[in-house]
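A look at the structure
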Amino acid sequence: MPEHLTVVEHPLVQHKLTLMRDADTPTGLFRQLLREISTLLAYEVTRDLPVTTRQVHTPLKPMDAPVLDGRKLALVSILRAGNGLLDGMLDLVPSARVGFVGLYRDEETLEPVQYYCKLPEALSERRVIVVDPMLATGNSSAAAIALVKDAGAIDIRFLCLLAAPEGVQRMADAHPDVPVVTAAVDERLNERGYIVPGLGDAGDRMYGTR
Ligand code: URA
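Residues numbered from 1 in each chain as written. Predicted model: local features only at pLDDT ≥ 70, side-chain atom pairs only at ≥ 80, totals over all residues. Heavy atoms only, no water.

What follows deals with the overall build of the protein chain. Broken down by element type, the protein chain carries six helices and 14 strands. Against the compact-globule benchmark of 17 Å for 210 residues, the protein chain has a radius of gyration of 18 Å, which places it among compact chains. Overall, the protein chain is about 60 × 35 × 30 Å in size when its C-alpha atoms are taken along their principal axes. Taking all 210 residues of the protein chain together, the buried fraction comes to 46%. In the protein chain, once contacts between residues fewer than 6 apart in sequence are set aside, the share between residues at least 24 apart is 64%. Accessible surface computed for the protein chain: about 10,700 Å², of which carbon and sulfur atoms make up 52%. Across the protein chain, 22 positive and 28 negative side-chain charges occur, with their mean positions spaced 7 Å apart. (Helix = DSSP H or I, 4+ residues; strand = E, 2+ residues; numbered from the N terminus. Rg over C-alpha atoms; globule rule 2.2 N^0.38 Å. Buried < 20%, exposed > 50% of the residue type's maximum accessible area, 1.4 Å probe, protein only. Contact = heavy atoms within 4.5 Å. Areas by Shrake-Rupley, 256 points an atom, 1.4 Å probe, with all protein chains shown as cover. Lys, Arg positive; Asp, Glu negative; His and termini not counted. Charge placed at Lys NZ, Arg CZ, Asp CG, Glu CD.)

Take a look at the structure:
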């Protein structure tokens, strides 16, 4: 397992992921499970956020207590499936700034094509968490991270629900400085760039499209 990869093996995450993989799980439940898992994954991906202390007065005495240090987090969603991870993460870090990168995958070349980019300011001073449920070829994720780096981000994490070994390798090659957090690494990609066994097209399953 590459050092920059964390697989979150918590039983709640694994149980919810199994329900999401099931082709019979309906759209509404799929979205709800994704939201719940994203809160748990947010807990993991923020584990090493810098902290400082602030004095508070408890009813008994003053104390220096830990608080988050530095600028607010920035979450960057890769449209459209990345949005499925946002709400659950924002439940945990409601003041995070949120950016969006629009990339679609050319179904012939599997290369990402950018159509939208709106990012929070002062990215160089924030922890930036780029989110997309599926790390498949890694082409879109690597391209999105290159965009946030161009916008000044230095401290970056990539959070996904499921990864293919090919995508993990692509990220390690393109962005060895960016740790990846996922709930599982599956067997492989198929010839259409889908993760196997995976869960199908995450965007379609979230929104009931085809
Ligand atoms: N995107 C998806 O939604 N699913 C995959 O399996 C691969 C990419």
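Before going further, it helps to spend a moment on the nonpolar core. Nonpolar side chains tend to gather and get buried jointly when the protein is soluble and globular. In this structure, Leu 161 and Leu 199 are the most contacted members of the largest nonpolar core, which totals 36 residues. Where this core is concerned, the elements lending two or more residues are helix H1 (11–21), helix H2 (27–45), helix H3 (83–92), strand E7 (127–131) and helix H6 (202–207). Counting residues per element, this core draws most heavily on H2, which supplies seven residues. What Leu 161 contacts, discounting residues up to four positions off in sequence, is Leu 17, Met 20, Leu 34, Ile 37, Leu 41, Asp 132, Pro 133, Thr 182, Ala 183, Ala 184 and Leu 199. (Core = buried A, V, L, I, M, F, W, Y, C linked by side-chain atoms within 4.5 Å.)

The local shell around the ligand consists of Arg 105, Met 134, Ala 136, Gly 193, Tyr 194, Ile 195, Gly 200, Asp 201 and Ala 202. In the environment of the ligand, an oxygen atom lies 2.7 Å from a nitrogen or oxygen atom belonging to the backbone of Ile 195. Taking Ala 202, its main chain carries an N or O atom lying 2.7 Å from an oxygen atom of the ligand. For the ligand, the accessible surface in isolation is 240 Å², of which the surrounding protein chains cover 88%. Of the residues assigned to the shell around the ligand, the class counts are five nonpolar, two polar and two charged. (Near = heavy atom within 4 Å. Polar contact = N/O pair within 3.5 Å; in protein donor to acceptor, adjacent residues only side chain to side chain. Nonpolar A, V, L, I, M, F, W, Y, C, P; charged D, E, K, R; others polar.)

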